[in-house]
Amino acid sequence: MQARIDLVADLGEGFGDWTMGDDASLLEIVSSANVACGFHGGDPRIMDATARACAERGIQIGAHPSFPDLVGFGRRAMDLTADEVRTDVLYQVGALSAFALANGTKVKHVAPHGRLGNLVAVRADYAKAVCDAVCSLDDSLIIVAQDGELADEARRRGLQVGIVGIVDRAYQADGTLVPRSQPGAVIHDLDTLVARAIRIATESTLEAVDGTVLQVRADSLLLHGDNAGAVATARAIRDGLTQAGVTIAPMADVLADKG
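Quick summary incoming for the structure in this document. Owing to the predicted nature of the structure, the values given are computational and were not obtained by experimental measurement.

The rules behind each value
- The numbers attached to residues start from 1 for each chain and follow its sequence in the written order.
- With pLDDT at 70 or above as the cut-off, local features in this predicted model cover only qualifying residues; side-chain atom pairs require 80 or more to be listed or tallied, and sums for whole chains, interfaces and linings still use all residues.
- Computation of side-chain values: all heavy atoms of the structure, hydrogens and water removed.
- Only DSSP runs of H or I with at least four residues qualify as helices, and only runs of E with at least two residues qualify as strands; both kinds are numbered from the N terminus onward.
- Every radius of gyration here is taken over C-alpha atoms, with the globule rule written as 2.2 Å times N^0.38, N being the number of residues.
- Classification of residues uses two cut-offs on accessible area relative to the type maximum, computed with a 1.4 Å probe and protein chains only: under 20% is buried, over 50% is exposed, and between them is partly exposed.
- By definition in these notes, contact holds between two residues if any of their heavy atoms fall within 4.5 Å.
- Using a 1.4 Å probe, the Shrake-Rupley method yields the accessible areas, and only the shown protein chains count as cover for residues.
- Within this scheme the basic residues Lys and Arg register as positive and the acidic residues Asp and Glu register as negative, but His and the chain ends are omitted.
- Every charge is mapped to an atom, namely NZ of Lys, CZ of Arg, CG of Asp or CD of Glu.
- By convention a nonpolar core is built from buried Ala, Val, Leu, Ile, Met, Phe, Trp, Tyr and Cys residues, the set being connected through side-chain atoms within 4.5 Å.
- When DSSP locates at least two bridges between a pair of strands, those strands are taken to pair.
- By convention a crossover is right-handed if, when the strands point away from the viewer, the path from the first strand over the helix to the second runs clockwise.
- We call Phe, Tyr and Trp rings a pair once their centres come within 6.5 Å, taking the six-membered ring for Trp, and we label the pair stacked below 30 degrees between planes, edge-to-face above 60, and tilted otherwise.
- The criterion is that NZ of a Lys, or CZ of an Arg, lies within 6 Å of the ring centre and within 35 degrees of the ring normal, and then a charge sits over that ring.

1. Some remarks on the overall build of the protein chain
Part 1: When helices and strands are tallied, the protein chain shows nine helices and ten strands.
Part 2: The C-alpha radius of gyration of the protein chain comes to 17 Å, within 12% of the 18 Å expected for a compact globule of 259 residues.
Part 3: In terms of overall dimensions, the protein chain has C-alpha extents of about 40 × 40 × 35 Å along its principal axes.
Part 4: Each of the 259 residues in the protein chain was classed as buried or not, and the buried ones make up 51%.
Part 5: Sequence-distant contacts in the protein chain: of pairs separated by 6 or more residues, those separated by 24 or more amount to 71%.
Part 6: Accessible surface, the protein chain as shown: approximately 11,200 Å² in total, 51% of it carbon and sulfur.
Part 7: Counting 23 positive and 35 negative side-chain charges, the protein chain places the averaged centre of each group 2 Å from the other.

2. Here's the deal with unusual backbone geometry
Part 1: Although it is not a glycine, F73 adopts a positive phi angle of roughly 55°.
Part 2: Within the secondary structure, F73 sits in the loop between β3 (60-64) and α3 (82-102).
Part 3: Owing to a relative accessible area of 11%, F73 belongs among the buried residues under this scheme.
Part 4: Not every positive phi belongs to a glycine, and S204 is a case in point at roughly 60°.

3. Describing the nonpolar core
Part 1: Membership of the largest hydrophobic core comes to 78 residues, with the highest contact counts inside it found for V85, L221 and L241.
Part 2: The element that contributes the greatest number of residues to this core is helix α5 (residues 124-137), accounting for seven residues.

4. So, the pairing of strand β4 (residues 107-110)
Part 1: As paired elements, β3 and β4 share three bridges and run parallel to each other. The residue of β4 that forms the bridge with A63 is V110.
Part 2: The parallel pair β3 and β4, bridged by α3, forms a crossover whose chirality is right-handed.
Part 3: Sheet analysis places β4 next to strand β5 (residues 142-145), joined by two bridges and oriented parallel. Directly across from H109, in β5, lies its bridge partner I142.

5. With respect to the packing of aromatic side chains
Part 1: Under the counting rule described, the total for this entry stands at two aromatic pairs.
Part 2: Consider the rings of F67 and Y126, whose centres lie 6.2 Å apart with planes at 80°: the pair is edge-to-face. Pair noted here: F67 is in the loop between β3 and α3 and Y126 is in helix α5, with a separation of 59 residues, a long-range link.
Part 3: By relative accessible area, Y126 is classed as buried at 0%.
Part 4: The cationic tip of R123 hangs over the ring face of Y126; the distance from NZ or CZ to the ring centre is 3.8 Å.

Next comes the structure, spelled out in structure tokens:
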């Protein structure tokens, strides 16, 4: 069977007059979007415009909830209770769902952002909190995560799970990401990024920083949009995948193919 994979980027992460990334160009490359919901980026105008742009292009919309950390872009650890995580996620997904509905579409997946996204992979209480929020709102929503506590909890609840491979982040031998504070955490070499994307899509493996070969059965590849070369990198990855015979499709379609 020909390999199929989703390409997703984090979009709508500006705030007010400040913008981050070239969302319009990325929307011509990706098949899905993780849309900021206001806690690490995004505001009502940006959420509305991003939902509209996705709807016009047939791009699958996902909510990208974060810790309430606008100053730190959602990347700082916060000592929240599990119930605070639950209500924060419910608040953010609900807000984006309203904008999606107003623009004739709907939120199809939930992908926790930043430090919250890291912690739900290893903290069972946070993973349960995210699933509690999703189940109380719409149990047809797809949970997008790395392998770990959130993916496991979602499967136990009967939720659809989309595993994400993060092309430009280095992995540790246990499958978690190398912290951004450490050297080499973010990969910039274009040839390396394209090769990693193709390897994940066609072989379901990648190499950790210590040489360990990890199994990464990804349904989606994340293309970060928060750097100057993001669009060129995303286009090169898409072109490389296509040339390798990989079909790009929205995450819901990829999961439907897998049954």
